Amino acid sequence: MAGREQEAPPWRAVPRALFSLAPMLESRMAQLLQKPSSQTRLDKDRMRALYRFTARTLATARPVPFGALIVQTKTGKPLIEATNAVMAEHDPSSHAELRSVRLACKKLKRPSLIGYTMYSTCEPCAMCMANALWARLDRVVYGATIADANRHCLQIQIPAREIARRSDMECVVDGPVLRDLCVKLFTHPKMQEAFRTWSTSNRRVS
């Protein structure tokens, strides 16, 4: 209608000062994008070291593909590493992740692992992820997935991230990291032979 003041487009209502923030926002975004790549390099280094530690069991009478490492989150200083000992200890709860938490807490003489990160050659099962949460770990980083492990042994089909998401305790779950390398622990001929003797094997010989 003639004489009626035309409304300004919504974008014109945005203060000009906001446009001056663009360079700063771009710089911050670049920093955020760089940080994960640096963290990934550290994760790969630690996972590779854990792979080598776990692979040593392949030369023993009781080979296992499951290994766990706990490090100080800020410094990366290793605290404890352990492998699965279900067969050796005749204990179905003696998973690598759970054993590493037990050993770490005993070493620190406290029930909390706040300030620490766990690396595992395989995505933690529901039991181990729940234990990691109760231990108040900052972060859990895994190599092979539950699906990878399930090709060779029985698994509880609940993703570690799902367990963490439904918990009151916060814990970042990252992975898979060096998945193909960690899968080699499962496909090694010595491990394939051992799987046939496991009560949880998907290839158990009657």
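Sequence order as written defines residue numbering, which begins from 1 separately in each chain. pLDDT decides what is reported in this predicted model: residues at 70 or higher carry local features, side-chain atom pairs at 80 or more are listed and counted, and totals for whole chains, interfaces and linings draw on all residues regardless. As a convention, hydrogens and water are excluded, and side-chain values are obtained from all of the structure's heavy atoms.

**Student:** Tell me about the packing of aromatic side chains, residues and numbers included.
**Tutor:** Note on aromatic pairs: the rings of Phe, Tyr and Trp (six-membered ring only in Trp) are paired at centre separations within 6.5 Å, and the planes decide the class, stacked below 30 degrees, edge-to-face beyond 60, tilted for the rest. If you walk through the whole model with that rule in mind, you get four aromatic pairs. Judged by centre distance (5.3 Å) and plane angle (85°), the ring pair of Phe66 and Phe186 falls under edge-to-face. Here Phe186 lies in helix H8 (residues 179–187) and Phe66 lies in the loop between helix H2 (22–55) and strand S1 (67–72), a separation of 120 residues in the sequence. An identical accessibility class is assigned to Phe66 and Phe186; each is buried. Pairwise contacts between aromatic rings join Phe66, Phe186, Phe195 and Trp198 into one cluster. A run of DSSP states H or I qualifies as a helix once it reaches four residues; a run of E qualifies as a strand once it reaches two. Both are numbered from the N-terminal end. Buried residues are those whose accessible area, probed at 1.4 Å on protein chains only, stays under 20% of the maximum for their type, while exposed residues exceed 50% and partly exposed ones sit between those limits.

**Student:** Tell me what's going on with the nonpolar core, and back it up with residues and numbers.
**Tutor:** We call a set of buried Ala, Val, Leu, Ile, Met, Phe, Trp, Tyr and Cys residues a nonpolar core when their side-chain atoms join them within 4.5 Å. Within the largest apolar cluster, 25 residues are counted, with the highest numbers of intra-cluster contacts made by Met47, Phe66, Tyr119, Phe186 and Trp198. With four residues, the single largest contributor to this core is H2. In terms of nonpolar packing, the next biggest core, distinct from the first, is built from 23 residues, Ile70, Cys105, Ala135 and Tyr142 among them.

**Student:** An account of the sheet that holds strand S4 (residues 139–144) is needed here, citing residue identities and associated values.
**Tutor:** Overall, mixed pairing links the five strands, which are arranged S2-S1-S3-S4-S5 in an open sheet. Both outer strands of the open sheet, strand S2 (78–83) and strand S5 (172–174), are each paired with one neighbouring strand and no more. With strand direction ignored, the average angle separating the axes of adjacent strands in the sheet is 15°. Pairing between strands is defined by DSSP: at least two bridges between the two strands are required. Note that S1 and strand S3 (residues 116–122) share five bridges and pair antiparallel. Between N-to-C directions, angles span 0 to 180 degrees; the directions come from axes that are lines fitted to C-alpha atoms, helices contributing only their stretch in contact.

**Student:** Lay out the side chain of Thr57 in plain terms, naming residues and giving numbers.
**Tutor:** Summarising the element assignment, Thr57 is placed in the loop between H2 and S1. Of the residues examined, Thr57 reaches a relative accessible area of 10% and is grouped as buried. Here, two residues are considered to be in contact whenever any of their heavy atoms come within 4.5 Å of each other. Leave out the neighbours within four places in its chain, and Thr57 touches Arg62, Pro63, Val64 and Thr83.

**Student:** Explain the pattern of salt bridges residue by residue, including any values.
**Tutor:** The salt bridge criterion pairs a side-chain nitrogen of Lys or Arg with a carboxyl oxygen of Asp or Glu, the two atoms within 4 Å. Under the counting rule described, the total for this entry stands at eight salt bridges. The closest approach of N and O atoms between Arg48 and Asp45, which form a salt bridge, is 3.6 Å. Residue Arg48 and its partner Asp45 are located together in helix H2, separated by three residues, close to a single helical turn. The exposure class of Arg48 is partly exposed, given its relative accessible area of 32%. Relative accessible area serves as the criterion here: at 46%, Asp45 is assigned to the partly exposed category. A salt bridge links Glu162 to Arg166; its shortest N-O distance comes to 3.9 Å. On the basis of relative accessibility, which here comes to 25%, the residue Glu162 falls in the partly exposed class.

**Student:** Explain unusual backbone geometry residue by residue, including any values.
**Tutor:** In the segment running from Gly175 into Pro176, the intervening peptide bond is cis, with an omega of 0°. One can find Pro176 in the loop between S5 and H8. At Lys109, a residue that is not glycine, the phi angle is positive and equals roughly 60°. Residue placement: Lys109 occurs in the loop between helix H4 (96–108) and S3. At Arg136, a position not held by glycine, the phi torsion is positive, near 65°. Examined against the element boundaries, Arg136 turns out to sit in the loop between helix H5 (126–134) and S4. The partly exposed category is assigned to Arg136, whose relative accessible area is 40%.

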